[in-house]
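Tertiary structure, described
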Amino acid sequence: MLKIENLRKRYTGFELDCSLEVKSGCITGLVGQNGAGKSTIFKSVLGLISTDGGSITLFGKDAAKFETADKEKTGVVLSDSGFSGYLRIKDIIPIMSAMYTGFEEKYFIDQINRFGLPTDKKIKDFSTGMKAKLKVIAAAAHKAKILLMDEPAAGLDVIARNELFDILRDFMEEDPERSILISSHISGDLEALCDDIYMIDNGRIVLHEDTDILLSNYAVLKTDDSQYKTIDKSYILRKKKESYGYSCLTNEKQYYIENYPQIAIEKGSIDNVITLMVKGEKA
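Below: a short report on this structure. Think of each chain on its own: its residues are numbered from 1, step by step along the sequence as written. Note on the predicted model: pLDDT of at least 70 is required for a residue's local features to be given, and 80 or more for side-chain atom pairs to be given and counted; whole-chain, interface and lining totals, by contrast, use all residues. For the side-chain quantities, the full set of heavy atoms in the structure was used; hydrogens and water were omitted.

Helical segments are the DSSP runs of H or I of at least four residues, strand segments are the runs of E of at least two, and each set is numbered from the N terminus. The helix and strand inventory of the protein chain stands at ten helices and 14 strands. Each principal axis of the C-alpha distribution contributes one length, and for the protein chain these read about 70 × 40 × 35 Å. Exposed residues in this analysis have more than 50% of their type's maximum accessible area, buried residues have under 20%, and partly exposed residues fall in between, with area computed by a 1.4 Å probe over protein chains only. The buried share of the protein chain, taken over its 283 residues, is 47%. When contacts within the protein chain are restricted to residue pairs at least 6 apart in sequence, long-range pairs at least 24 apart make up 69% of them. Here, residues are in contact when the closest pair of their heavy atoms is within 4.5 Å.

In structure tokens, the structure reads:
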């Protein structure tokens, strides 16, 4: 669906150089700290910034050669963009209808009613959660084949985030060929949503893994200094010095459970993995 190969973009003090792929029928997560390069990737894919090298292919076509019909198949939610605050939802409907030949007005209105968004209230008076839901509903309302979503849940409370993710699940269920690329610096949000996850740090992809494998096979070993010296380090991806000894990231949790029962082993989470991948060093 979307393939990025050796994408490069240079700014003063920062350089992006990465590759990733979003497969048909999959929700792919992109996690990393603020400033890691997530927004640069989205803007590059959308042609909002120039790039310094690499290739971007979407729907099997060079994204730089996209025409209007191609763009209609892409739904977009960017963290720093949205509708004018002086519009109301009822003003947006004719705008969306004029912009997208595939705009589904009934779906749009049904979703607006489902989540209780006011149609006569100016958007500038919406809560953060209401604005986020509106952007996602609009992105999904024109028969898009892929959603590109940069930090759509930023600033939302737990209930609002869950409601937003319900919209995305419904979007995927309607068409098994659809895909989503979604970024977040709140990595735990994506554990129950994404099929696979890329982790980015300082413009580089530091890890790519299926979410199920990440949650089942990865773990953090908590060792004192003497335990660290004696354990087999063949399956340790990163280590980090702690007051008690070391935190060690592994992708072979079962091996250490069976062979080192005396070591404290903490189940891997996306937060744990990205912390050690970014802050840790090679064993």
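So, on to the pattern of salt bridges. The salt bridge definition used is simple: a Lys or Arg side-chain nitrogen within 4 Å of an Asp or Glu carboxyl oxygen. For the coordinates displayed, the defined rule picks out 16 salt bridges. A salt bridge links Lys241 to Asp225, with the nearest nitrogen and oxygen atoms 3.6 Å apart. Here Asp225 lies in helix H8 (residues 225–230) and Lys241 lies in strand S12 (residues 236–241), a separation of 16 residues in the sequence. We classify Lys241 as partly exposed; its relative accessible area is 46%. Of the residues examined, Asp225 reaches a relative accessible area of 38% and is grouped as partly exposed. We note a salt bridge from Glu281 to Lys239, for which the minimum N-O separation is 3.8 Å. With Glu281 in the segment after helix H10 (270–279) and Lys239 in strand S12, the pair connects residues that are 42 residues apart, well separated along the chain.

Its identity as a non-glycine residue notwithstanding, Asn6 has a phi of 50 degrees, on the positive side. Although it is not a glycine, Glu151 sits at a positive phi angle of roughly 55 degrees. Tracing the backbone through its elements, the reader meets Glu151 in the loop between strand S7 (146–150) and helix H6 (158–174).

So, on to the state of the cysteines. When two cysteine sulfur atoms are found within 2.5 Å, that pair is recorded as a disulfide. Summed over all chains, the structure comprises zero disulfides. Cys18 takes part in no disulfide bond, and the closest cysteine sulfur, belonging to Cys194, lies 17 Å away. Note on Cys26: no disulfide assigned, nearest cysteine sulfur contributed by Cys194 at a separation of 10 Å.

What follows covers the nonpolar core. In this structure, Phe108, Leu134, Leu168, Ile180, Ile182 and Met199 are the most contacted members of the largest nonpolar core, which totals 55 residues. Among the elements that line this core, the one with the most residues is helix H5 (residues 128–140), at eight residues. Once you skip the residues sitting within four places of it in the chain, Ile180 turns out to touch Val22, Cys26, Ile27, Thr28, Ile146, Leu147, Met149, Leu168, Phe171 and Met172. Side-chain atoms within 4.5 Å link the members of a nonpolar core, which is a set of buried Ala, Val, Leu, Ile, Met, Phe, Trp, Tyr and Cys residues. Within the second largest apolar cluster, 23 residues are counted, among which are Cys18, Phe42, Val45 and Leu181.

On to the pairing of strand S2 (residues 14–22). Where burial is concerned, the two faces of S2 differ: the one with Phe14, Leu16, Cys18, Leu20 and Val22 is buried and the one with Glu15, Asp17, Ser19 and Glu21 is not. The rule for pairing is simple: two strands pair if DSSP sees at least two bridges between them. Pairing of strand S1 (residues 2–11) with S2, which is carried by eight bridges, proceeds in the antiparallel orientation. Directly across from Ile4, in S2, lies its bridge partner Leu20.

On to the packing of aromatic side chains. Under the pairing criterion, centres of Phe, Tyr and Trp rings, with the six-membered ring standing for Trp, must be within 6.5 Å; the plane angle then separates stacked pairs below 30 degrees from edge-to-face pairs above 60, leaving the rest tilted. A complete count under the given rule lists six aromatic pairs for this structure. An angle of 10 degrees between the planes, with centres 5.9 Å apart, marks the rings of Phe59 and Phe66 as stacked. Owing to a relative accessible area of 23%, Phe59 belongs among the partly exposed residues under this scheme. Judged by its relative accessible area of 15%, Phe66 is buried.

The next point concerns H5. Multiplying one less than the number of residues by 1.5 Å gives the expected span of a helix. Taking 1.5 Å of rise per residue, the 13 residues of H5 would be expected to cover 18 Å, and the 19 Å separating its terminal C-alpha atoms lies within 8% of that figure. Of all 13 residues in H5, eleven are buried; the element is thus mostly enclosed. All of the buried residues along H5 are Gly129, Met130, Ala132, Lys133, Leu134, Lys135, Val136, Ile137, Ala138, Ala139 and Ala140. Along its buried surface, H5 packs onto strand S6 (74–77), helix H3 (89–99), helix H4 (105–114), S7 and H6.

Residue position: Thr40 is located in helix H1 (residues 38–45). Given a relative accessible area of 12%, Thr40 falls into the buried group. With sequence-adjacent residues up to four places away left out, Thr40 is seen in contact with Lys9, Tyr11, Phe14, Leu16 and Ile49.

The next subject is the pairing of S1. Two strands pair when backbone bridges link them, and S1 and strand S4 (residues 53–58) are joined in this way by five bridges, in the antiparallel orientation. The residue of S4 that forms the bridge with Glu5 is Ser55. Connecting the antiparallel pair S1 and S2 is a turn made up of two residues, with Gly13 showing a positive phi of about 85 degrees.

Glancing now at the environment of Val77. Relative to the helices and strands, Val77 is located in strand S6. Judged by its relative accessible area of 2%, Val77 is buried. In the structure, Val77 is positioned 60 residues away from Ile137 in sequence and 9.8 Å away in space, judged by C-alpha atoms.

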